[in-house]
Amino acid sequence: MNALIPETGPDLTPIKAVSQAYAASLDRATPDTVADVLTAYQSDRCHWFGMHPFHEQTGPRDIARTFWAPFLTSFSRLQRREDIFFAGLNEIDGFKSTWTASMGHFLGLFDAPFLGIPATGKIAMLRYAEFNRVENGKITQSALFVDILHLMAQAGIHPLNAPQTGAQLVQPGPRTHDGLVMKPQPHAESQKTLARINNMIGSIDHANAAAKPPSPQEELRVDWQDDMVWWGPTGIGATYTIDRYIKQHQGPFRRAMEGRVLNGHLCRMAEGTYGGFFGWPNLTLTNRNGFMGVPGNDIRADMRVVDIYRREGDKLVENWVFIDMLHFLKMQGVDVLAQINVHSV
């Protein structure tokens with residue numbers, strides 16, 4: 001948890017150019033052309049991590065067939081509304097691989113059903129976070145997280161049996177409007193961000209393991225400013241300030257879950273005041289006491305998670321979170337997509 005970003009490393013400008021060109025080409029793609037677009041930018045064996053029901057795919061044509069062609073069939077006039085973009089060296093493999101991270105919303109006209117979610121004929125905004133590993137001018141690994149429950153809410157579908165504890169919003173980008181990191185950043189700033197993220201990860205584990213654990217406020221104030229904003233996924237929702245975060249997410253989550261095991265991440269990096277990670281899965285735990293309307297059970301379930309952070313000063317102040325909720329729920333016997341398809345027949 002205390003690894004240091006090397007002071008000298010590769011120029012990240014070329015890999016940013018690859019990811020930005022890829023994104024721009026996707027904005028112009030159609031269901032019929034998207035496989036060719038992906039083939040132009042991804043390696044033949046690109047390993048893609050997608051959320052339920054897409055899961056893992058290999059190669060641009062399978063990726064296009066599984067996700068992009070159906071998505072572009074449902075969403076016409078697609079735009080990527082990018083709020084955060086940065087690149088970095090991946091701490092998980094000893095800072096050997098180079099990745100980009102992109103986060104924001106896909107905006108389009110929701111003109112045909114998607115995964116059984118009925119079309120609205122109106123603007124829809126699908127939250128996304130994407131990580132791309134770039135080698136020799138090609139994307140060789142890619143992770144795309146989209147908040148499908150968020151899309152359902154825009155279509156008037158609320159499949160969970162309990163109200164979420166946070167707020168339901170179309171979430172904005174950073175308060176500082178500086179999330180598109182196109183120019184090289186000072187090494188010291190990147191190192192400070194990664195160190196703070198790592199310290200926060202360690203603080204959670206230390207608090208859970210301590211014989212006399214700190215209070216939630218004491219734990220969080222080490223790494224977070226008091227006016228933190230936690231932009232959580234639909235099903236949990238967004239919350240603001242340390243005290244409300246504890247009340248509206250951390251408290252309910254920790255009371256519900258037992259046996260939390262951190263499986264680690266596939267990518268963790270930082271550039272300037274931005275950083276983030278994703279895992280596959282990050283966590284395995286048991287919903288012992290009931291969470292998100294699912295009764296308590298003894299099933300070991302996985303959480304695949306993306307966290308994107310903004311640091312201000314010495315502490316973290318904003319956090320955008322994506323969780324593969326449909327996968328987590330299905331592992332507990334709740335098949336949200338099957339339920340909405342039955343009800344829509």
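It should be emphasised that the depicted structure is a prediction, and the values quoted were computed from it without experimental measurement.

(A) Spotlight on the pairing of strand 7 (residues 224-231). With 4 bridges joining them, strand 7 and strand 15 (residues 315-323) adopt parallel strand pairing. Across the sheet, tryptophan 230 pairs through a bridge with asparagine 319, a residue of strand 15. Inspection of the sheet shows strand 7 paired to strand 8 (residues 239-240) by 2 bridges, in the antiparallel sense. Residue pairing across strands places tryptophan 230 opposite threonine 239, the latter belonging to strand 8.

(B) Main features of the sheet that holds strand 9 (residues 257-262). As summarised here, the arrangement of the 3 strands in space is 9-12-13, forming an open sheet in which the pairing is antiparallel. The two strands at the open ends of the sheet, each matched to only one other strand, are strand 9 and strand 13 (300-303). Taking the axes of each pair of neighbouring strands and ignoring which way they run, one obtains an average angle of 25° across the sheet. Relative to strand 9, helix 7 (residues 242-256) is tilted by about 100°, and along the sheet it contacts strand 9, strand 12 (283-287) and strand 13.

(C) Quick look at the packing of helix 2 (residues 34-41) against helix 3 (residues 60-74). In contact at an axis separation of 9 Å, helix 2 and helix 3 are set at 135° when each is read in the N-to-C sense. When the interaxial angle is binned, helix 2 and helix 3 end up oblique. The element helix 2 and its partner helix 3 pack so that their crossing is right-handed. Two secondary-structure elements touch here, helix 2 through Val34, Ala35, Asp36, Leu38 and Thr39 and helix 3 through Pro60, Arg61, Ile63, Ala64, Trp68, Ala69 and Leu72. Taken together, the residues that form the contact of helix 2 with helix 3 break down as 9 nonpolar, 1 polar and 2 charged.

(D) Fine view of the packing of helix 1 (residues 13-27) against helix 2. Running from N to C, helix 1 and helix 2 cross one another at 175°; their axes reach a closest spacing of 10 Å. In terms of orientation, helix 1 lies roughly antiparallel with respect to helix 2. On the side of helix 1, the interface is formed by Val18, Ala21, Tyr22, Ser25 and Leu26, while helix 2 contributes Val34, Val37, Leu38 and Tyr41. Classifying every residue of the contact of helix 1 with helix 2 gives 8 nonpolar, 1 polar and no charged.

(E) Summary view of the side chain of threonine 286. Tracing the chain through its elements places threonine 286 in strand 12. A polar contact of 2.9 Å, which involves the side chain of threonine 286, links it to the side chain of arginine 300.

(F) Seen up close, the pattern of salt bridges. All told, the structure shown has 15 salt bridges when counted by the stated rule. Note that lysine 16 and glutamate 271 form a salt bridge whose closest N and O atoms lie 2.9 Å from each other. Here the residue lysine 16 occupies a position in helix 1, and glutamate 271 occupies one in strand 10 (residues 267-271), the gap between them amounting to 255 residues. Glutamate 271 carries the same exposure label as lysine 16, and that label is buried. Salt-bridge contacts for glutamate 258 lead to arginine 288; the nearest nitrogen and oxygen are separated by 3.1 Å. Placement of glutamate 258 in strand 9 and of arginine 288 in the loop between strand 12 and strand 13 is noted, with a sequence separation of 30 residues between them. By relative accessible area, which is 36% here, arginine 288 ends up partly exposed.

What counts, and at which threshold
- Residues numbered from 1 in each chain as written.
- Predicted model: local features only at pLDDT ≥ 70, side-chain atom pairs only at ≥ 80, totals over all residues.
- Heavy atoms only, no water.
- Pairing = 2+ DSSP bridges.
- Helix = DSSP H or I, 4+ residues; strand = E, 2+ residues; numbered from the N terminus.
- Axes fitted to C-alpha atoms, helices over the stretch in contact; angles between N-to-C directions.
- Contact = heavy atoms within 4.5 Å.
- Parallel < 35°, antiparallel > 145°, perpendicular 65-115°, else oblique.
- Left-handed = near helix turned anticlockwise from the far one by under 90°.
- Nonpolar A, V, L, I, M, F, W, Y, C, P; charged D, E, K, R; others polar.
- Polar contact = N/O pair within 3.5 Å; in protein donor to acceptor, adjacent residues only side chain to side chain.
- Salt bridge = Lys/Arg side-chain N within 4 Å of Asp/Glu carboxyl O.
- Buried < 20%, exposed > 50% of the residue type's maximum accessible area, 1.4 Å probe, protein only.

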